[in-house]
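# Per-entry structural report
Residues per chain are reported as follows:
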Amino acid sequence: MIGYRIRRARRLVCRLLVLATVLSMLFSLSAGASAGGFEMGTSYPGQVMRPGDELDFTLEFYNTLGYGFTAALTASDIPSGWTGRFEGNGSEISSVYVHSGEEASTATFHVEVPDDAAQGTYTINLRAAGQGGSSSLALTLEVNEEASGSSALTTEYAEQQGSAGTAFTFSSTIQNNSADSQTYSFSSNPPAGWMVAIAPSGESTQVSSVTVEAHSTQGLDITVTPPENVEAGTYTIPLSVVSASESLSEELSVEITGSYALQLSTPSGLLSFDANANKQTAVTISVTNTGNVDLQNINLSSSAPDSWTVEFSESSISVLEAGATQELTAYVTPSDEAISGDYVVTMTASSDETSSAAEFRVSVKTETIWGIVGILLLVGVGACLWYVFRTYGRR
């Protein structure tokens, strides 16, 4: 009887030892997993932001379990009106594959704070869970209107459109979000022949740098002028604003719709002619489209001295193709009271987009009775002299 009890006690002790061993192994495995088998973290889980700011948290996932797995990503306790999402490779994601080994897998948690966010401290809880276990991370965000952050260069209407010969003005703003005053220098790399001038908003003096106080802004007026012969197309003007600690950049875009230009002249280029009072004189003029866009409805007009008349063989040109020239005739009639001398007649060709004017010098000649009388007197005097020499010359 005593031997039976001893054997039973030994079996009970053995079973207790086996159970203790199993529990110890399970505890060790559990402790090992929670101690770093799978972990999600970020370098700066607590940050200060301003209302309207956007911020990216780089998330790192460490896996030392010996195998990779997919972890689902969730975020909770996002304040009302805020936006929070997980991103990877530029797209929104809902999970991440966690590689096994020392190299961490990464993702991004993007936070947008509304403009009307109240000052205070907010907490967003992130969780990653999969076959290898789970890990949680608390992000602490302090909203403060005086917070320092990345500075910015922004432009209102950074893309503009117009014809060649137009100067484009862009309104840009430097936002110094740092805690110190910054001096920003400007540089640009426009296409060949383009000109870029930068001045503080409301001023006409061109500058190469400006100083912006901490947590302040400075407006800029940026004037971009294309060359006269620029072709139609879209052009990009890179702009850089650099301080001792920051480098900001912006791209301005200009779309040239075309070059509109006219030239009114004569086939020979001569802008002068003779005319008689009260007599019509025909003058051949030429109208050339020197731009790179067809022009429509080109009207012809003139400006002449009082009581003069100027008429055109065609009062308008319906279509003049780029580079083409059309000749027509202007009929100029000086006043019947015009006296001898030089006069100016201006002729203009104009369309909705452009115009050209040419000034013609008109030399007016008049015929008067006294001119005829003078000629007759000269003839009479000559006849008398001839008679005298013929009659008395031999005596």
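All values derive from a computational prediction rather than experimental measurement.

The rules behind these values
Residues numbered from 1 in each chain as written. Predicted model: local features only at pLDDT ≥ 70, side-chain atom pairs only at ≥ 80, totals over all residues. Heavy atoms only, no water. Core = buried A, V, L, I, M, F, W, Y, C linked by side-chain atoms within 4.5 Å. Buried < 20%, exposed > 50% of the residue type's maximum accessible area, 1.4 Å probe, protein only. Helix = DSSP H or I, 4+ residues; strand = E, 2+ residues; numbered from the N terminus. Contact = heavy atoms within 4.5 Å. Pairing = 2+ DSSP bridges. Axes fitted to C-alpha atoms, helices over the stretch in contact; angles between N-to-C directions. Phe/Tyr/Trp six-rings, centres within 6.5 Å; stacked < 30°, edge-to-face > 60°. Polar contact = N/O pair within 3.5 Å; in protein donor to acceptor, adjacent residues only side chain to side chain. pLDDT = per-residue confidence, 0-100. Patch = residues over 30% accessible without salt bridge, like charges linked within 9 Å, V, L, I, M, F, W, Y side chains within 5 Å. Areas by Shrake-Rupley, 256 points an atom, 1.4 Å probe, with all protein chains shown as cover. Salt bridge = Lys/Arg side-chain N within 4 Å of Asp/Glu carboxyl O.

One finds Leu264, Val287, Met347 and Phe360 to be the most contacted residues of the largest nonpolar core, which totals 27 residues. Top element by residues in this core is strand S28 (residues 355-365). It accounts for four residues. Contacts of Val287, omitting those with residues within four sequence positions, involve Leu262, Gln263, Leu264, Leu300, Ile317, Leu320, Ala324, Thr325, Gln326 and Ala349. Counting 26 residues, the second-largest nonpolar core is a separate cluster that includes Phe38, Leu55, Phe86 and Val111.

With that settled, the discussion passes to the sheet that holds strand S10 (residues 133-143). On the basis of which strands lie adjacent, the open sheet formed by five strands has the order S2-S10-S9-S4-S7 and mixed pairing. Sheet topology places strand S2 (46-49) and strand S7 (95-98) at the edges, where each strand pairs with a single neighbour. Taken over all neighbouring pairs, the strand axes of this sheet differ in orientation by 25° on average, direction set aside. Sheet analysis places S2 next to S10, joined by four bridges and oriented parallel. Residue pairing across strands places Met49 opposite Val143, the latter belonging to S10.

A few words now on the pairing of strand S26 (residues 325-333). Judged from the eight bridges that link them, strand S22 (residues 281-289) and S26 form a sheet pairing that is antiparallel. Bridge pairing in S26 places Ile285 opposite Leu328.

Across the sheet, which stays open at both edges, the five strands sit in the order S12-S19-S18-S14-S16 with mixed pairing between neighbours. At either end of the open sheet lies a strand with only one pairing partner, and these are strand S12 (159-162) and strand S16 (209-212). Looking at each pair of strands side by side, their axes are set apart by 25° on average, direction ignored. When strand S14 (residues 182-188) meets strand S18 (residues 233-242), the two strands line up antiparallel, connected through four bridges. Within the sheet, the bridge partner assigned to Phe186 lies in S18 and is Val241.

Scanning all chains against the criterion turns up seven aromatic pairs. Both rings, one in Phe273 and one in Phe360, keep their centres 6.3 Å apart while their planes meet at 55°; by these two values the pair is tilted. Linking Phe273 in strand S21 (residues 272-276) with Phe360 in strand S28, this pair joins segments that are 87 residues apart in sequence. Residue classification places Phe360 among the buried positions, given a relative accessible area of 1%. Aromatic side chains Trp308 and Tyr343 sit 5.1 Å apart centroid to centroid with 50° between the ring planes, which places their arrangement in the tilted category. Placement of the pair is Trp308 in the loop between strand S23 (295-303) and strand S24 (309-312) and Tyr343 in strand S27 (residues 341-350), with a sequence separation of 35 residues.

Moving on to the side chain of Ser172. Tracing the backbone shows Ser172 in strand S13 (residues 168-176). A residue is classified by how much of its surface remains accessible, and Ser172, at 2% relative accessible area, is buried. Within polar-contact distance, the side chain of Ser172 engages the side chain of Thr155 at 2.7 Å. Not counting residues up to four positions away in its chain, the partners in contact with Ser172 are Leu153, Thr154, Thr155, Gln218, Gly219, Leu220 and Ile222.

Glancing now at the confidence of the model for the chain. In the predicted model, the chain carries a mean pLDDT of 86, and 86% of its residues have values of at least 70. Across residues 25-35, confidence stays below pLDDT 50; counting only partners more than four residues off in sequence or on other chains, it has two contacts.

The subject of this paragraph is a nonpolar patch on the surface. Judged by side-chain polarity, Val381, Leu385 and Phe389 come together as a nonpolar surface patch covering roughly 330 Å² of accessible area. Along the chain, Leu385 turns up in helix H2 (residues 369-392).

The next subject is the environment of Asn229. With respect to the helices, strands and loops of the structure, Asn229 is situated in the loop between strand S17 (216-225) and S18. What makes Asn229 exposed here is its relative accessible area of 65%. Spatially, the C-alpha atom of Asn229 lies 8.3 Å from that of Gly165, the residues being 64 residues apart in sequence.

Once that is clear, we can look at the side chain of Ser265. Structurally, the position occupied by Ser265 is in strand S20 (residues 262-265). Classification of Ser265 by relative accessible area gives buried; the value is 14%. Excluding residues that lie within four positions of it along the chain, Ser265 makes contacts with Leu271, Ile285 and Ser286.

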